[in-house]
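Reading the structure
For reference, the chains in residue letters:
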Amino acid sequence: MAGGGTRNWRLVRADTDAVPPSARRFMARARERRLRAAMPWLTGAGVLLLAGGLAWVVYGTSLFGVREVRVVGAQVLTADQVRAAAAVEPDRPLARVDLDAVAAAVRGLPPVDRVLVTRSWPSTVEIQLVERSPLAAVPAGEQFLLIDDEGVPFRAVATPKGLPLARVATPGRNDENTGSALTVLAALSDELREQLVAISVASPVQIRLELRKGRVVIWGDDTASKQKSIVATALLREKGDEIDVSAPSVVTIR
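Heads up: these notes are all about the structure in this document.

The rules behind these values
- Residues numbered from 1 in each chain as written.
- Predicted model: local features only at pLDDT ≥ 70, side-chain atom pairs only at ≥ 80, totals over all residues.
- Heavy atoms only, no water.
- Helix = DSSP H or I, 4+ residues; strand = E, 2+ residues; numbered from the N terminus.
- Buried < 20%, exposed > 50% of the residue type's maximum accessible area, 1.4 Å probe, protein only.
- Areas by Shrake-Rupley, 256 points an atom, 1.4 Å probe, with all protein chains shown as cover.
- Pairing = 2+ DSSP bridges.
- Axes fitted to C-alpha atoms, helices over the stretch in contact; angles between N-to-C directions.
- Core = buried A, V, L, I, M, F, W, Y, C linked by side-chain atoms within 4.5 Å.
- Contact = heavy atoms within 4.5 Å.
- Salt bridge = Lys/Arg side-chain N within 4 Å of Asp/Glu carboxyl O.

Of regular secondary structure, the protein chain possesses 6 helices and 12 strands. Every one of the 254 residues in the protein chain was classed for burial, and the buried ones make up 34%. Summed over all atoms, the accessible surface of the protein chain reaches about 16,200 Å², with 56% contributed by carbon and sulfur.

Our focus in this paragraph is the sheet that holds strand 2 (residues 112–120). Sheets are built from strands paired through backbone hydrogen bonds, the pairs being either parallel or antiparallel. Spatially, 1-3-2 is the arrangement adopted by the 3 strands of the open sheet, whose pairing is mixed. This sheet does not close on itself; its edge strands, each paired only once, are strand 1 (68–72) and strand 2. Averaged over all neighbouring strand pairs, the angle between strand axes comes to 20°, with direction disregarded. Where strand 1 lies against strand 3 (residues 124–131), 5 bridges are found, and the strand directions are parallel.

A word on the nonpolar core. Within the largest apolar cluster, 25 residues are counted, with the highest numbers of intra-cluster contacts made by Leu188, Ile199, Leu209, Val217 and Trp219. At the level of secondary structure, the elements contributing two or more residues to this core comprise strand 4 (136–140), helix 4 (176–187), strand 8 (196–203), strand 9 (206–211), strand 10 (216–220) and helix 6 (225–235). Looking at this core element by element, the count peaks at 4 residues for helix 4. Here Leu209 is in contact with Val184, Leu188, Leu196, Ala198, Ile199, Arg215, Val216, Val217 and Trp219, once residues within four sequence places are set aside. Within the second largest apolar cluster, 20 residues are counted, among which are Val82, Val115, Val125 and Ile127.

For strand 4 and strand 5 (residues 143–147), the ladder comprises 5 bridges, and the chain directions are antiparallel. If you follow Pro139 over to strand 5, its bridge partner there is Phe144. In this structure, the hairpin formed by strand 4 and strand 5 is closed by a connection of 2 residues, where Gly141 is found at a positive phi of approximately 70°. For strand 5 and strand 6 (residues 153–157), the ladder comprises 4 bridges, and the chain directions are antiparallel. Bridge pairing in strand 6 places Leu146 opposite Arg155. The antiparallel pairing of strand 5 with strand 6 creates a hairpin that spans 5 residues between the two strands, and Gly151 there sits at a positive phi of about 85°.

On to the pattern of salt bridges, then. Summed over all chains, the structure comprises 14 salt bridges. The shortest N-O distance in the salt bridge between Arg167 and Glu210 comes to 3.2 Å. You can see Arg167 sitting in strand 7 (residues 165–167) and its partner Glu210 sitting in strand 9, a full 43 residues away along the chain. Accessibility expressed as a relative area gives 35% for Arg167, which makes it partly exposed. On the basis of relative accessibility, which here comes to 22%, the residue Glu210 falls in the partly exposed class. Put simply, Arg237 and Glu191 hold a salt bridge, and the shortest N to O gap is 3.7 Å. Of this pair, Arg237 sits in the loop between helix 6 and strand 11 (242–244) while Glu191 is found in helix 5 (residues 190–195), placing the two residues 46 residues apart along the sequence. The network of salt bridges with shared partners includes Asp113, Arg114, Arg132, Asp148, Glu150 and Arg173.

Here the focus is unusual backbone geometry. Here the amide bond leading from Trp121 into Pro122 is cis, since omega sits at 15°, within 30 degrees of zero. Structurally, the position occupied by Pro122 is in the loop between strand 2 and strand 3. Positioned with a positive phi, Lys213 is a non-glycine residue whose angle comes to about 60°. Mapped onto the elements of the fold, Lys213 is located in the loop between strand 9 and strand 10. By relative accessible area, which is 84% here, Lys213 ends up exposed. Positioned with a positive phi, Ala224 is a non-glycine residue whose angle comes to about 55°. Structurally, Ala224 can be placed in the loop between strand 10 and helix 6.

Okay, here's the thing in structure tokens:
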């Protein structure tokens, strides 16, 4: 510039009115596109944060912890006995309770036949159980062991009210003599069952029924028990203290 002067430059912000409308529209659309592109990421991040927070509350705090262990179906057992076996930790997050482990622990109680353990939100573990039904009573010293239809001894009582006795040495699910006794008991007619006092199994081939009034039915082994039951029932009307149906096609009465 003539005269050796210098130029001074200043940066000024242009007023929005100085920006052409077409440029403003372009910039607005660009901002919208950026916002739309970011929305899925923002939404996903929000969902993850929310899910993480909920998971922490449910699994990591006692807000939804166990406040009650509800027992349904206990009759022989008390609810407290079932709870003690279940051993569910108070205030433990309900979502973290191992239902299978609780069911296995309760199933270990001798009177329990079947058990179902469920969560009842927000704070209850529910234990539903079915207890074993007694089929016979095994003399054991001054007491009697009740056994179910699987031969499982599950309770000791002083008096076996309304149950026939099963005279077997070692009652149990896997005991051969117990299995023979159960097979015969399942085959008895109503009339024989009404007269039955005890079934004695010295061995699987030495089975006998002790009836009222001192009568005895020699059963032999547990084969053909249905046929033996039919024959023995028919012979109940005959006189005689001993009925031998061990060979049901050739019976004897003494």
